[in-house]
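So the chains spell out like this:
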Amino acid sequence: YMKTEFNFDIHQLRADAKLDFYKTVSLINYIRKCSKELTCFACQATFADLEALAAHAKQSGAAHLAVPAEDSPIWKDAGNFVPVIDSDPLLMDFEDDAEFADVDEEKSRKMLEESKKILRKKFDQVSLDSSKQDTNSAASTEPASPAVAPASAA
């Protein structure tokens, strides 16, 4: 569909940019996340609806829909390893092809480990925030204890 409608071929893009498996997954999820937010992944322009975003992509052409630069923050964002679509068929379509065997696997492994660390920190922060919110919520719903006056010595 993307190839015929927008002249956007993820397989060719992957080969041309020599993206390894992890970068391909990251790119696909990033594109899907941007689309869900009605944002062009290439230029960050935002649109009122999917039809307007699709028209922009068609008008801009495939050259506009290029792989982000090597130093782009999208490659370091662990959130891009989280699928936007459950059981995404496009993600299932890629294997760690032999044609990409010359890609620096050590670099990919380090990126994956760093992404895992970032995801753990984010998860821990969300858990901590949720825990604080639950504690604050429980404290505000508990009835106040009646004040007990100290017994006076008579």
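Residues numbered from 1 in each chain as written. Predicted model: local features only at pLDDT ≥ 70, side-chain atom pairs only at ≥ 80, totals over all residues. Heavy atoms only, no water.

K.L.:
What exactly am I supposed to notice about the overall build of the protein chain here?
P.N.:
The number of helices and strands found in the protein chain is six helices and zero strands. Ordering the α and β elements of the protein chain from the N terminus gives α-α-α-α-α-α. Counting all 154 residues of the protein chain, 26% fall into the buried class. A separation of at least 24 residues holds for 65% of the contacts in the protein chain among residues at least 6 apart in sequence. Looking at the protein chain as shown, the accessible area adds up to about 10,600 Å², and 56% of this sits on carbon and sulfur atoms. (Helix = DSSP H or I, 4+ residues; strand = E, 2+ residues; numbered from the N terminus. Buried < 20%, exposed > 50% of the residue type's maximum accessible area, 1.4 Å probe, protein only. Contact = heavy atoms within 4.5 Å. Areas by Shrake-Rupley, 256 points an atom, 1.4 Å probe, with all protein chains shown as cover.)

K.L.:
I tried to follow the pattern of salt bridges on my own but got confused; where do I start?
P.N.:
Any two side chains of opposite charge can pair, given that their charged atoms come close. On inspection of all chains with the given rule, the structure shows three salt bridges. Among the ionic pairs, Arg-32 bridges to Asp-88, the shortest N-O distance being 2.6 Å. Of the two residues, Arg-32 sits in helix H3 (residues 21-36) while Asp-88 sits in the loop between helix H4 (50-60) and helix H5 (89-92), which places them 56 residues apart along the sequence. On the basis of relative accessible area, Arg-32 is assigned to the partly exposed category, the value being 25%. A salt bridge links Asp-77 to Lys-33; the nearest nitrogen and oxygen atoms lie 3.6 Å apart. Here the residue Asp-77 occupies a position in the loop between H4 and H5, and Lys-33 occupies one in helix H3, the gap between them amounting to 44 residues. Its relative accessible area of 25% is what places Asp-77 among the partly exposed residues. Owing to a relative accessible area of 25%, Lys-33 belongs among the partly exposed residues under this scheme. (Salt bridge = Lys/Arg side-chain N within 4 Å of Asp/Glu carboxyl O.)

K.L.:
For this particular structure, what's the right way to read helix H2 (residues 10-17)?
P.N.:
Structurally, the α-helix is built with 3.6 residues per turn, so residues lying three or four positions apart point the same way. For H2, the set of buried residues is Ile-10, Leu-13 and Arg-14. The buried residues of H2 all sit within an arc of 100 degrees when viewed along its axis, so they share a single face. Where H2 is buried, its residues touch H3 and H5. (Arc of directions from axis to C-beta.)

K.L.:
Just checking my understanding: could you explain the environment of Leu-65 for this structure?
P.N.:
Within the element layout of this structure, Leu-65 appears in the loop between H4 and H5. Judged by its relative accessible area of 5%, Leu-65 falls in the buried class. In this structure the C-alpha to C-alpha distance between Leu-65 and Phe-41, which are 24 residues apart in sequence, comes to 7.7 Å. Ignoring any residue separated from it by four or fewer positions in sequence, one finds Leu-65 in contact with Phe-8, Leu-13, Phe-41, Ala-42 and Ala-57.

K.L.:
What should I look at first to understand the packing of H2 against H3 in this one?
P.N.:
A packed helix pair is summarised by two numbers, namely the angle formed by the two axes and the spacing between the axes. At a closest axis distance of 11 Å, the pairing of H2 and H3 adopts a crossing angle of 135 degrees. In terms of their interaxial angle, H2 and H3 are classed as oblique. Judged by the twist between their axes, the crossing of H2 over H3 is right-handed. Taking contact as the criterion, the partners of Ile-10, Leu-13 and Arg-14 in H2 are, on H3, Phe-21, Thr-24, Leu-27 and Ile-28. For the contact of H2 with H3, the residue count by class is five nonpolar, one polar and one charged. (Axes fitted to C-alpha atoms, helices over the stretch in contact; angles between N-to-C directions. Parallel < 35°, antiparallel > 145°, perpendicular 65-115°, else oblique. Left-handed = near helix turned anticlockwise from the far one by under 90°. Nonpolar A, V, L, I, M, F, W, Y, C, P; charged D, E, K, R; others polar.)

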